[in-house]
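Structure at a glance
Below are the chains, spelled out letter by letter.
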Amino acid sequence: MKALIRSIGAYIPKNKMTNDAISKIVDTSDEWIVSHTGIKNRYFAADDQANSDLAIEAAKQAIERAKISPEDLELIIVATATGDYKGFPSVACILQEKLGALNAGAFDLAAACTGFVYALEVAKNFIESGHFQNILVVASEKMSSIMNWEDRNTCVLFGDGAAAAVVSRAQEADDDSAIIYSFLRSDGSGADALSIPAGGSRNPIDLERTKKEDLYVYMDGRRVYNFAVKAFTDIIKHICDKCGISLDEVDYIVPHQANIRIIEAAAKRLKQPMEKFYINIDEYANTSAATIPIALNEMQEKGMLKKGNLVLTAGFGGGLTYGGNLIRW
Ligand code: ACO
């Protein structure tokens, strides 16, 4: 029994913010942001739009494209680090109600920017075990809700967005299409390199003592950069070795869109042309767990993804977590 991505959808919120607009808020410039990250724009949710409001739009599109009804879903997994609420209720449960997915279990998955890669592997296993036939995998982030607008080191990097995939049991007519293999790893020794320092059980909010900046994303950029370049190459080499394929057989590498320089460094190490890597960080910035499925959706809509194509995803992020999926489209 095989699992495949039956359909994909995405939602990008409306408020576009250029680097020049960010330069009016913090001491930065379009030149610095483009040259250090490759980012030109990002989109932000409206104040009254929570994570699930982005997720629902992506989910509806994926469900419609899969030609199934919400009642056909048996599980909803939402990869996110920016839920509507802290801890619970999960975005997945809010989505379950909004969709009318009356037969679905629902939970959120916390693997930061690697969330979609992890969630796809979880869904794959539930399908392959024969337990479920249709699972909705969503990656949705409202990064603007955890960004410190006084910290130029981080606030220039992120955007909001959501994407969703219906993962289903493959039928005979699907030929070789499948999620073939996933590689999942973590390195908790780097937990402090990327975190929201306060507000959890380690450091609960104390209205008198908690520092405002500790409620937002903290990142040791250099440490994360070094980790990401190594993780990226490890993922790709491991998947190729394990699956007995050469990188030349892979049609597209779809990387987490954190920084164009991370992708360029990995391409150089892997001796691969940049054309093989799908890149849209210039337009959407880093939408955390959502970058990879937003890219897949865009590739699909552009007609780039043909049946039979071999696609390799590579994600890395807070935790630290990293991993990738090999997908026969
Ligand atoms: N505008 C202008 N100057 C800035 C800005 C900014 N937005 N941000 C930092 N600087 C300054 C710094 O203050 C520093 O100045 P100084 O030398 O006077 O102290 C200078 O630029 C260089 O700072 P570095 O941190 O060395 O800059 P670097 O070239 O490493 O780029 C960056 C920083 C882009 C964050 C990089 O380290 C990086 O990409 N790290 C990877 C982490 C990442 O991509 N995270 C995304 C989220 S996590 C994830 O998705 C995995």
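Predicted, not measured: the structure shown is a model, and the values here were computed from it. (Residues numbered from 1 in each chain as written. Predicted model: local features only at pLDDT ≥ 70, side-chain atom pairs only at ≥ 80, totals over all residues. Heavy atoms only, no water.)

This part covers the site of the ligand. The full set close to the ligand counts 24 residues, and T28, R222, H256, N259 and N286 are the nearest of them. Measuring from an oxygen atom of the ligand, one finds a side-chain N or O atom of N259 at 2.4 Å. For the ligand, the protein covers 74% of the area, taking 1,000 Å² as the surface of the free molecule. Elements with a minimum of two residues in the shell around the ligand: α2 (30-37), α6 (152-155), α7 (221-243), α8 (260-270) and β12 (310-317). Sort the elements by how many residues they give to the shell around the ligand and α7 lands first, with four residues. Residue classes in the shell around the ligand are distributed as 11 nonpolar, nine polar and four charged. (Near = heavy atom within 4 Å. Polar contact = N/O pair within 3.5 Å; in protein donor to acceptor, adjacent residues only side chain to side chain. Areas by Shrake-Rupley, 256 points an atom, 1.4 Å probe, with all protein chains shown as cover. Helix = DSSP H or I, 4+ residues; strand = E, 2+ residues; numbered from the N terminus. Nonpolar A, V, L, I, M, F, W, Y, C, P; charged D, E, K, R; others polar.)

This next bit is on the packing of aromatic side chains. Overall, the coordinates contain seven aromatic pairs when judged by the stated rule. An angle of 80 degrees between the planes, with centres 5.7 Å apart, marks the rings of F227 and Y322 as edge-to-face. On the criterion of sequence distance, the pair formed by F227 in helix α7 and Y322 in strand β13 (residues 321-328) is long-range, its members being 95 residues apart. A network of ring pairs unites the aromatic residues F183, F227 and Y322 as a single cluster. Across from the ring centre of Y225, 5.1 Å away, lies the NZ or CZ of R222, which sits over that ring. (Phe/Tyr/Trp six-rings, centres within 6.5 Å; stacked < 30°, edge-to-face > 60°. Lys NZ or Arg CZ within 6 Å of the ring centre and 35° of its normal.)

If you trace the four strands from one edge of the open sheet to the other, you get β8-β13-β12-β11, paired in mixed fashion. The two strands at the open ends of the sheet, each matched to only one other strand, are β8 (178-186) and β11 (252-255). The sheet shows a mean angle of 15 degrees between the axes of neighbouring strands, taken without regard to direction. Pairing geometry for β11 and β12, over four bridges, is parallel. Across the sheet, the residue bridging to Y252 is V311, located in β12. Its contacts with the sheet place helix α5 (residues 115-128) against β8, β12 and β13, and it is angled at close to 130 degrees to β8. Of the strands in this sheet, β8, β11, β12 and β13 touch α7, which is tilted by about 145 degrees from β12. (Pairing = 2+ DSSP bridges. Axes fitted to C-alpha atoms, helices over the stretch in contact; angles between N-to-C directions. Contact = heavy atoms within 4.5 Å.)

This paragraph deals with the domain arrangement of the protein. Domain boundaries assigned for the protein yield domain 1 (3-174) and domain 2 (178-328). Using C-alpha coordinates to define each centre, domain 1 is positioned 14 Å away from domain 2. Domain 1 puts 54 residues into the contact, and the matching count from domain 2 is 50 residues. On the domain 1 side of the interface with domain 2, the three residues burying the most area are C113, V117 and Y118, jointly 15% of the side's total. At the junction of domain 1 and domain 2, the tally comes to three salt bridges. Residue E283 pairs with K16 through a salt bridge whose shortest N-O separation is 3.7 Å. Elements supplying a minimum of two residues to the side of domain 1 that touches domain 2: β1 (3-11), α2, β3 (41-44), α3 (51-66), α5, β6 (134-141), α6 and β7 (161-169). At eight residues, α5 tops the list of elements feeding residues into the side of domain 1 that touches domain 2. When the residues that make up the side of domain 1 that touches domain 2 are grouped by side-chain class, the tally is 26 nonpolar, 15 polar and 13 charged. (Domains from an automatic or database assignment. Buried area = accessible area lost by both parts, 1.4 Å probe. Salt bridge = Lys/Arg side-chain N within 4 Å of Asp/Glu carboxyl O.)

Taken N-terminus to C-terminus, the directions of α3 and helix α4 (residues 91-99) make an angle of 55 degrees; their axes are 10 Å apart at the nearest point. As the angle between them shows, α3 and α4 are arranged oblique. Where α3 crosses over α4, the two elements pack in a sense that is right-handed. Together, N51, S52, D53, A55, I56, A59, K60 and I63 of α3 and V91, I94, L95, K98 and L99 of α4 make up the contact between the two elements. (Parallel < 35°, antiparallel > 145°, perpendicular 65-115°, else oblique. Left-handed = near helix turned anticlockwise from the far one by under 90°.)

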